[in-house]
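Topology and contacts: notes
This is what each chain is made of:
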Amino acid sequence: MATNTLIGSLVRIRELSILLVTIACAGYFALTSTGFTSLDNGHTIAQYIAPWAIVGAGEAMLLICGEIDLSAGFVFTLAPFVLVLLNNNGLPLFVALLATVVICALIGTVNGLIRTLFNLPSFITTLGMAFLLQGLSLIISNGSPVPAPADTWVRTTFGGARWSELTWALVIIAVMQIVLSASRFGIYTQATGSNPVGAAESGIRTSRVKVVNFAVTSALAGFGGILEGMRVGSFDPTNGGFNTMFFGVAAAVIGGTALLGGSGTVVGALLGALLLGIVYDGFNLTGVNANAFNVVLGVAILVAMFLNTYLSVLRRRASAVRGRT
Amino acid sequence: MTDTDMIRAEHVRKRFGPVTAIQDVNLHVRKGEILGLIGDNGAGKSTLIKILTGYHQPDGGQLFFEGEPIHLRSVVHARSLGIETVFQDLAMIDDLPVYLNLHLNKELVHRPLPFLRRKEMRRKAREALDSIGITIGSVTDPVSQLSGGQRQAIAVARSVFSDAKVLLLDEPLAAMGAKEGGLILRLLMQLKERGDRPGHHSDCPQLQPDRRRRVCDRVNLLQHGTITFDKASKDTSVAELLDLVHAEYRL
Ligand SMILES: Nc1ncnc2c1ncn2[C@@H]1O[C@H](COP(=O)(O)OP(=O)(O)OP(=O)(O)O)[C@@H](O)[C@H]1O
Ligand SMILES: [Mg+2]
């Protein structure tokens, strides 16, 4: 009985299993490669995970309310060029940055409105938006990278300073997790994904909930794109894209967010990103072929999905046992 | 008589594309009265209730609330007036725990801060369920782990424990066993005795017509989208009701 309740309570903490796997991977690479534990390498890992975690935070919220945004990666690509455009047209850098994030939120709003007003699946809506934004990025940039704006406090604060991108990612994760688990909007997001009809019957404006989450996801993705560009020092139209979007979604799913909506956490997306980052970096250090990483990524997603479904069965059994005793 | 009506519908109709769900419905519920609405599957009971609760907008006709003509813009609007509903599908969120379902869209927050008061909501949920005598394991369990009857009891508890003036229950006992069903009916009688909350409750005719007849003051029969029968319960019998419902199937 004692073991039963122990297993039960462990299983109930969704993030625990993924955290254990992450620690195991970190331990493995620490032992098998040189330099994995150095601070510099920590910084490298941080560079991988920050964009995935930022995009993943938004995608987790969207997945929880039953939607997905395939265009987030191209908002990530486009945002820096919008920033440059606004900045070149006379807006001070900081104001241009704020304006860019607002524009990105509007792109998300458009996604959400198309989704909810015309009742088109978000998969199709945002796929269309993805290609549209990719085209726009290439047109605005003429297909070639531009240097990031010169060193100012804005550049330093938003990605330029050594750990600033990761710091922003952690702040975003914390804020979004609080929104999800401690605010009414978080409850509405879960309710909308779990039972859209029931949520609407309870008077929750499910369309508005979805539109807001689309807007937040795009705003975060755009902000993430700017941070990334500022850190690297150059805005590149081949940055971001489907790759970044899928890593964001993968991070959320590996972190325990249900693809069909209703449950999940934002912190899970951070842990998912952390696991992906550690494996990616570890493979680089140990000289494993980059293609092998994709194999691992695929396996990780499948295992995560399996654990998700299987653990919820275990959870139900555990509480059934508890109910009987 | 009219000025004691809590809620009244006049010539209300509703179509869904080619399907006419409700046509020319006239219905009223007085203060402190329990109205039973019976009708076959597909007769339009749920549609009528969803109109009275602001979920559907009627295509025509007029609603009155406490004697005043009213246009119910939304469920939230209707709820703000004191119209509470238990929908046939229960509107339960499976992934959320019992106490959040009990407070769905009425969550308590630390005003003026927007943060949820989870502890307070758990306490209130526990109180509410205890006071009606519904037994469930823990208010923090997700609703998906409960039985059909328990879910229904929670849905009813959710609407009863708001300060409702009108309570609309769509097939409130459908999935309930004798014990839970009895609890809910007793609860309705208590509310009625307090006299401040009239109920309007809809049932499927197959379900223990006898039990329903003892609770309701008046029975309306809905057939093919119109009300064809309106009588005080004491003037009718189980046999007559069954007769009416089944009349059209007889050869
Ligand atoms: N949202 C909708 N869209 C299209 N048709 C609908 C919709 N809701 C109800 N209908 C139709 O309206 C008619 C009345 O349905 P309603 O659900 O009101 O019946 P009911 O009396 O509640 O039946 P039951 O006893 O099975 O619950 C049915 O023919 C149904 O198919
Ligand atoms: Mg019905």
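Definitions and cut-offs
Residues numbered from 1 in each chain as written. Chains lettered and ligands numbered in written order. Predicted model: local features only at pLDDT ≥ 70, side-chain atom pairs only at ≥ 80, totals over all residues. Heavy atoms only, no water. UniProt positions renumbered as here; feature names shortened; annotations may be inferred. Pairing = 2+ DSSP bridges. Helix = DSSP H or I, 4+ residues; strand = E, 2+ residues; numbered from the N terminus. Expected span 1.5 Å × (residues − 1). Near = heavy atom within 4 Å. Polar contact = N/O pair within 3.5 Å; in protein donor to acceptor, adjacent residues only side chain to side chain. Areas by Shrake-Rupley, 256 points an atom, 1.4 Å probe, with all protein chains shown as cover. Nonpolar A, V, L, I, M, F, W, Y, C, P; charged D, E, K, R; others polar. Donors = N, O, S within 2.8 Å, 3.2 Å for Na, K, Ca; no water. Buried < 20%, exposed > 50% of the residue type's maximum accessible area, 1.4 Å probe, protein only.

Looking at an unreviewed UniProt entry, one finds chain A named ABC transporter permease and attributed to Fodinicola feengrottensis. As its UniProt record puts it under Subcellular location (unreviewed entry), chain A is described as follows: "Cell membrane".

Below, the discussion takes up the pairing of strand β4 (residues 60-65) of chain B. Residues and elements named next belong to chain B. Strand direction decides the pairing type here: strand β1 (residues 5-16) and β4, joined by 5 bridges, are antiparallel. The residue bridging Ala9 from the neighbouring strand is Leu63, located in β4. What sits between the antiparallel neighbours β4 and strand β5 (residues 68-70) is a turn of 2 residues, in which Glu66 has the positive phi angle 50°.

We now examine helix α12 (residues 241-254) of chain A. End to end, α12(A) covers 20 Å across 14 residues, agreeing with the expected 20 Å (1.5 Å per residue, within 8%). Of the residues one or two after α12(A), Gly256(A) is the one with positive phi, at around 105°.

Here the focus is the site of ligand 1. Residues and elements named next belong to chain B. In the vicinity of ligand 1 lie 13 residues, with Gly42, Lys45, Ser46, Thr47 and Gln88 positioned nearest. In this structure, an oxygen atom belonging to ligand 1 sits 2.8 Å away from a side-chain N or O atom of Gln88. Against a free-state accessible area of 640 Å², the protein chains account for coverage of 62% of ligand 1. Secondary structure elements with two or more residues in the shell around ligand 1: β2 (19-30) and α1 (45-52). With 3 residues, α1 is the single largest residue contributor to the shell around ligand 1. Across the shell around ligand 1, the residue classes tally to 4 nonpolar, 6 polar and 3 charged.

In this section: the coordination of the magnesium ion (ligand 2). Angles at a metal have ideal values that depend on geometry: 109.5 degrees with four tetrahedral donors, 90 or 180 degrees with six octahedral donors. Residues and elements named next belong to chain B. For the magnesium ion (ligand 2), every protein donor is listed as Ser46 (OG) and Gln88 (OE1), and the spread of their distances is 1.9 to 2.0 Å. Pair noted here: Ser46 is in helix α1 and Gln88 is in the loop between β6 (83-86) and α3 (98-102), with a separation of 42 residues, a long-range link. Looking at Gln88, the relative accessible area reads 41%, which means it is partly exposed.

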